[in-house]
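Chain and residue survey
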Amino acid sequence: MEKWRESIEDFRDRLKSYSDASLNLYSRSIPSPERHEEPRRVAVASQTVSFTIDDLSLLNPILAQAQSLGMDYNVGPHQFFHSDEVGLRKQALAGAIADAKSRCEFVARELDKQCGEVMTINVDGGHQPPMPMMAEMRGASDAVSAVGSRELEARVSATFELE
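Owing to the predicted nature of the structure, the values given are computational and were not obtained by experimental measurement.

What about the overall build of the protein?
The secondary structure content of the protein amounts to 3 helices and 6 strands. Per-residue burial over the protein gives 18% buried out of 163 residues. Partitioning the contacts of the protein with sequence separation of at least 6, the portion at a separation of at least 24 is 67%. As presented, the protein carries roughly 12,200 Å² of accessible surface, and 49% of it is formed by carbon and sulfur atoms.

Pasting the structure below:
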């Protein structure tokens, strides 16, 4: 851990929620190569380092340090989140509301009517997990080279009075 701490010293003040204090100790059985021998028990210790970054330009240099030290790391698709998730959700909801109003106006025109007041509205916002931004791993260096897109969905059901 000392080598790791030294290698990220230049980045350390820009890492949020940093922790390298998570230690896991357990034992496991290793099967014997011979059938008649008992499995061998070994003790395993692992230490986890976790942190949050807002600046993705830090990710590749930090992963390079982990690689150079022979550390295992896991960068999964559910570990990247858009920094303006709330804004994007509001934007999607605004679009869904505009779509509901547009549909009402279309139906009203077909019936020679006009859309009046909103009588009821149901915003299907229920609980949705954060919108992940998936990292793609490319090349021999396993550096994060791109952030992929994700789809965001908002549903609105509205009942309008037809005049």
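Re a negative patch on the surface
Residues E2, E6, E9, D10 and D13 make up a contiguous surface patch of negative charge. As for its position among the elements, D10 is in the loop between α1 (2–7) and β1 (16–30). Look at D10 and you get exposed, because its relative accessible area is 67%.

A word on the confidence of the model for the protein
Per-residue pLDDT for the protein averages 80, and the proportion of residues at 70 or more is 79%. Of all the helices and strands in the protein, strand β4 (residues 135–138) carries the lowest mean pLDDT, 37, while α1 carries the highest, 92. Predicted confidence is poor over residues 126–141, with pLDDT under 50, and the contacts of this stretch with residues over four places away or in other chains come to 49 contacts.

Looking at the state of the cysteines
Applying the stated criterion across every chain, the model contains 1 disulfide. Covalently, C104 is tied to C115 through a disulfide, its sulfur atoms 2.0 Å apart. One disulfide, between C104 and C115, carries an S-S torsion of -130° and so falls in the left-handed class. A residue pair is termed long-range when its members are at least 10 positions apart, and C104 in helix α3 (residues 85–110) and C115 in strand β3 (residues 115–124) qualify at 11 residues.

A word on the side chain of D20
Within the element layout of this structure, D20 appears in strand β1. Judged by relative accessible area, which is 12%, D20 ranks as buried. A polar contact is formed between the side chain of D20 and the side chain of Y18, at a distance of 3.0 Å. Not counting the four nearest positions on each side in its chain, D20 is found in contact with M1, R5, Q47, T48 and V49.

Here's the deal with the side chain of S7
Tracing the backbone shows S7 in helix α1. In this structure the side chain of S7 is engaged in a polar contact, spanning 2.9 Å, whose partner is the backbone oxygen of W4. S7 has contacts with Q65 and L69, leaving out every residue within four places of it along the chain.

Regarding the packing of aromatic side chains
A complete count under the given rule lists 1 aromatic pair for this structure. Seen in terms of ring centroids, Y18 and F51 are 6.5 Å apart; in terms of plane orientation they differ by 15°. Their pairing is stacked. With Y18 in strand β1 and F51 in strand β2 (residues 40–52), the pair connects residues that are 33 residues apart, well separated along the chain. For Y18, a relative accessible area of 16% corresponds to the buried category.

Description of helix α2 (residues 59–68)
Within α2, the full set of buried residues consists of L59, I62, L63 and A66. Here the buried residues of α2 occupy an arc of 95° about the axis, which is enough to place them on one side. Just downstream of α2 lies G70, where phi reads positive at about 75°.

Things to note about the pattern of salt bridges
In this structure the tally under the stated criterion is 5 salt bridges. One salt bridge in this structure joins D55 and R14, with 3.3 Å as the shortest N-O distance. With D55 in the loop between β2 and α2 and R14 in the loop between α1 and β1, this residue pair connects regions lying 41 residues apart in the sequence. With a shortest N-O distance of 2.3 Å, K16 and D54 are connected by a salt bridge. Of this pair, K16 sits in strand β1 while D54 is found in the loop between β2 and α2, placing the two residues 38 residues apart along the sequence. By relative accessible area, K16 is classed as partly exposed at 44%. Residue D54 is classed as exposed on the basis of its relative accessible area of 60%.

Definitions and limits used
Residues numbered from 1 in each chain as written. Predicted model: local features only at pLDDT ≥ 70, side-chain atom pairs only at ≥ 80, totals over all residues. Heavy atoms only, no water. Helix = DSSP H or I, 4+ residues; strand = E, 2+ residues; numbered from the N terminus. Buried < 20%, exposed > 50% of the residue type's maximum accessible area, 1.4 Å probe, protein only. Contact = heavy atoms within 4.5 Å. Areas by Shrake-Rupley, 256 points an atom, 1.4 Å probe, with all protein chains shown as cover. Patch = residues over 30% accessible without salt bridge, like charges linked within 9 Å, V, L, I, M, F, W, Y side chains within 5 Å. Salt bridge = Lys/Arg side-chain N within 4 Å of Asp/Glu carboxyl O. Lys, Arg positive; Asp, Glu negative; His and termini not counted. Charge placed at Lys NZ, Arg CZ, Asp CG, Glu CD. pLDDT = per-residue confidence, 0-100. Disulfide = S-S within 2.5 Å. Polar contact = N/O pair within 3.5 Å; in protein donor to acceptor, adjacent residues only side chain to side chain. Phe/Tyr/Trp six-rings, centres within 6.5 Å; stacked < 30°, edge-to-face > 60°. Arc of directions from axis to C-beta.

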